[in-house]
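Structure assessment
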Amino acid sequence: MVSCPVCYESHSQGDFYSLSTHFLKMAKKSDYSHVSWLNRNIVKYRVSEEDLEKRLERFYSLDGKGLKRWIIDDFVKIFRGDNPHPFILAMQKYDVNLLKGYVIEHHHFLKQWIKSCAYVIAKSDYDEIHDYELENIITEMQGVGKNEPSHHELLIQMGISLGLTRDEILNAKPLPATKKAVDLWNRIGRDRTWIETMVAMHSLELIANRDLGRYGAKYPYFDPEILKSDKVTSQVKAFLKEGYEADVSHSYVALDLIEKYGKEEEMEDIQSAYLVSSRAFSDYLDARMERGEMYKNKQ
């Protein structure tokens, strides 16, 4: 099966030809999302259904390198390559308003994160998967005593150190792009397989992986000098350090598990789950910046 990597629509035939006809149909309607995805990933001019079918098949081909490497290569190109995501560029300096926006929108991401992990647990039958996702839920939202606060609590403390209040963080409504992304991730967890849910969420952990330089990443998630600056609050450093100093293998573990349990007949749907999720993630990162601009304009 091959679901659309933009709208996640499944096709009855489930092959690349039906996907190509779907894309050309949406292009004829001048649907921006589908056209822009084609332009960025496949081809920038009109082609026949047969030609597009071959191009899509090449794009999805693992080419002998495996699913994990295919995802890493695509993720680096989109978010941290020669033309990185604007949020990554913005994080190369200390910006209080940007980090405020980060806090407000990321709260909603983390709330969905644990729901997605729970969907994976509920739908899978592997102890290895259950253990992995339970650890993620505890780390993100519960923590281990006072000495190891949850990632969510570290986020809140960062926000408070920047001038936000706990109530403001917990009660602010997400911006439209964040809400749309969260709704997508919840829909994937509810309606799709556990492995599609797993790849949709855990592939996103690559954003902070400091090991991606060996895969062609040109930019770190944030400028590491921020962690040394006297101008930066200890709470900001604590939150950012959580990801920066983590074992770099952590964000690879899920990809290893997905590659281990992914079946050949469902591979394209796993890839599409990653693709549609990474697109939503890009929009969600835009929302962090948008929220930051809102705080800046209040000054």
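Remember, it's a predicted structure, so these values are computed and weren't measured experimentally.

Considering only enclosed or pocket space, the largest pocket measures out at about 870 Å³ in volume. Every residue lining the largest pocket is counted, 31 residues in all, and those nearest its centre are Arg40, Arg279, Ala280, Ser282 and Asp283. Of all the elements in the fold, those that place two or more residues in the lining of the largest pocket are helix H2 (32-41), helix H4 (66-80), helix H10 (176-191) and helix H14 (267-298). The element contributing the most residues to the lining of the largest pocket is H14, with eight residues. Of the residues that constitute the lining of the largest pocket, the class distribution is 14 nonpolar, eight polar and nine charged. Each of domain 1 (1-61) and domain 2 (64-298) gives at least three residues to the lining of the largest pocket. Here the second largest pocket is characterised by a volume of approximately 670 Å³. Going through the elements one at a time, helix H6 (96-123), helix H7 (127-142), helix H12 (234-244), helix H13 (250-261) and H14 are the ones with two or more residues in the lining of the second largest pocket.

Tracing the backbone shows Glu265 in the loop between H13 and H14. With 154 residues separating them in the primary sequence, Glu265 and Lys111 have C-alpha atoms 32 Å apart.

A few words on the environment of Ala217. Its place among the elements puts Ala217 in the loop between helix H11 (194-202) and H12. The exposure class assigned to Ala217 is buried, which follows from its relative accessible area of 14%. Each C-alpha atom of the pair Ala217 and Ile72 lies 9.9 Å from the other, and the pair is 145 residues apart in sequence.

Looking at where Lys237 falls in the secondary structure, it is placed in helix H12. Of the side chains with opposite charge, Asp230 lies nearest to the buried Lys237, which makes no salt bridge, at 5.1 Å. The residues touching Lys237, leaving out its near neighbours within four places in the chain, are Ile226, Leu227, Lys228, Ser229 and Val232.

What follows is about H10. Between its terminal C-alpha atoms H10 stretches 22 Å, which fits the 22 Å expected from 16 residues at 1.5 Å a residue. For H10, every residue scored as buried is listed here: Thr178, Ala181, Val182, Leu184, Trp185, Asn186, Ile188 and Gly189. Residues of H10 that are buried in the fold lie against H6, H11 and H14.

A complete count under the given rule lists two cavities of 30 Å³ or more for this structure. Of the pockets and cavities examined, the largest cavity occupies roughly 50 Å³. What lines the largest cavity is Arg80, Ala208, Asn209, Arg210, Pro220, Tyr221, Phe222 and Tyr244. Residues of the lining of the largest cavity, tallied by class, amount to five nonpolar, one polar and two charged.

Here we take up the packing of H6 against helix H8 (residues 151-161). In the contact formed by H6 and H8, the axes pass within 9 Å of each other and the chain directions differ by 155 degrees. When the axis of H6 is compared with that of H8, the two are roughly antiparallel. Considering the relative orientation of H6 and H8, their crossing is left-handed. Along its contact with H6, which presents Leu99, Tyr102, Val103, His106, His107 and Leu110, the element H8 presents His151, His152, Leu155, Met158 and Gly159. For the contact of H6 with H8, a count of residues per class yields six nonpolar, five polar and no charged.

Time to look at the domain arrangement of the protein chain. Quoted interface sizes are often the accessible area lost when the parts come together. Domain boundaries in the protein chain define domain 1 (1-61) and domain 2 (64-298). The C-alpha centroid of domain 2 is placed 27 Å from the C-alpha centroid of domain 1. On the domain 2 side, the residues contacting the 18 residues of domain 1 number 16 residues. For the pair domain 1 and domain 2, the summed buried surface comes to about 1,400 Å²; carbon and sulfur atoms form 45% of the total. Considering only the surface of domain 1 that becomes buried against domain 2, Met1, Tyr8 and Tyr60 emerge as the three largest contributors, covering 47% of it. The interface formed by domain 1 and domain 2 holds zero salt bridges in total. Taken together, domain 1 and domain 2 are joined by 10 residue pairs in polar contact (both at pLDDT 80 or more). For the side of domain 1 that touches domain 2, the secondary-structure elements that each account for two or more residues are H2 and helix H3 (49-60).

The rules we used
- Residues numbered from 1 in each chain as written.
- Predicted model: local features only at pLDDT ≥ 70, side-chain atom pairs only at ≥ 80, totals over all residues.
- Heavy atoms only, no water.
- 1 Å grid on protein atoms, 1.4 Å probe; cavity = no way out; pocket = protein on both sides within 12 Å on 5 of 7 lines; lining within 4 Å.
- Points joined across faces, edges and corners; volume = space filled by probe spheres on them.
- Helix = DSSP H or I, 4+ residues; strand = E, 2+ residues; numbered from the N terminus.
- Nonpolar A, V, L, I, M, F, W, Y, C, P; charged D, E, K, R; others polar.
- Domains from an automatic or database assignment.
- Buried < 20%, exposed > 50% of the residue type's maximum accessible area, 1.4 Å probe, protein only.
- Lys, Arg positive; Asp, Glu negative; His and termini not counted.
- Salt bridge = Lys/Arg side-chain N within 4 Å of Asp/Glu carboxyl O.
- Contact = heavy atoms within 4.5 Å.
- Expected span 1.5 Å × (residues − 1).
- Axes fitted to C-alpha atoms, helices over the stretch in contact; angles between N-to-C directions.
- Parallel < 35°, antiparallel > 145°, perpendicular 65-115°, else oblique.
- Left-handed = near helix turned anticlockwise from the far one by under 90°.
- Buried area = accessible area lost by both parts, 1.4 Å probe.
- Polar contact = N/O pair within 3.5 Å; in protein donor to acceptor, adjacent residues only side chain to side chain.

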